[in-house]
Amino acid sequence: MLTSTTVPRAKWLAAAIGGGLTFAALSNTCAMGMALSKLPYNRGPKCDMAAVLSALASDRS
C-alpha cells in the first residue's frame, strides 16, 4: 500500500479491510452487502394494486 509509506498507520486499515474480506469469504456472509441492501434506494418499487388497476382501466377508455 503506497499510502503506508507516508502514513504508517494506514497498514492497519488495510489489514482490517483484508480481515473483513477474509471473514466474509469464510463465513459466506457479506455484512457490507446486507447493509447496502437495506438502504431505501436499493429496494424495489412499491406497488399499489389499486393504483395499477385504475391506471389500466383508464388506459382502455
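Refer to the preceding data block for the structure.
Notes on the structure follow. (Residues numbered from 1 in each chain as written. Predicted model: local features only at pLDDT ≥ 70, side-chain atom pairs only at ≥ 80, totals over all residues. Heavy atoms only, no water.)

A word on the environment of leucine 2
Thinking step 1. Along the chain, leucine 2 falls in the segment before helix 1 (10–27).
Thinking step 2. Given the relative accessible area of 71%, leucine 2 is considered exposed.
Thinking step 3. For the pair leucine 2 and leucine 26, spaced 24 residues apart in sequence, the C-alpha to C-alpha distance is 28 Å. (Helix = DSSP H or I, 4+ residues; strand = E, 2+ residues; numbered from the N terminus. Buried < 20%, exposed > 50% of the residue type's maximum accessible area, 1.4 Å probe, protein only.)

Some details on the environment of asparagine 42
Thinking step 1. Note on placement: asparagine 42 falls in the loop between helix 2 (31–37) and helix 3 (49–60).
Thinking step 2. In this structure asparagine 42 touches Leu36 and Ser37, once residues within four positions along its chain are discounted. (Contact = heavy atoms within 4.5 Å.)

Side note on the layout of surface pockets
Thinking step 1. Counted as a void, the largest pocket has a volume near 170 Å³.
Thinking step 2. Surrounding the largest pocket, Ile17, Gly20, Leu21, Phe23, Ala24, Thr29, Cys30, Ala31 and Met32 form its lining.
Thinking step 3. Breaking the lining of the largest pocket down by element, the ones donating at least two residues are helix 1 and helix 2.
Thinking step 4. It is helix 1 that provides the largest number of residues to the lining of the largest pocket, a total of five residues.
Thinking step 5. The residue inventory of the lining of the largest pocket, partitioned by class, reads seven nonpolar, two polar and no charged. (1 Å grid on protein atoms, 1.4 Å probe; cavity = no way out; pocket = protein on both sides within 12 Å on 5 of 7 lines; lining within 4 Å. Points joined across faces, edges and corners; volume = space filled by probe spheres on them. Nonpolar A, V, L, I, M, F, W, Y, C, P; charged D, E, K, R; others polar.)

Everything listed here is a matter of coordinates, which is why it stays silent on function.
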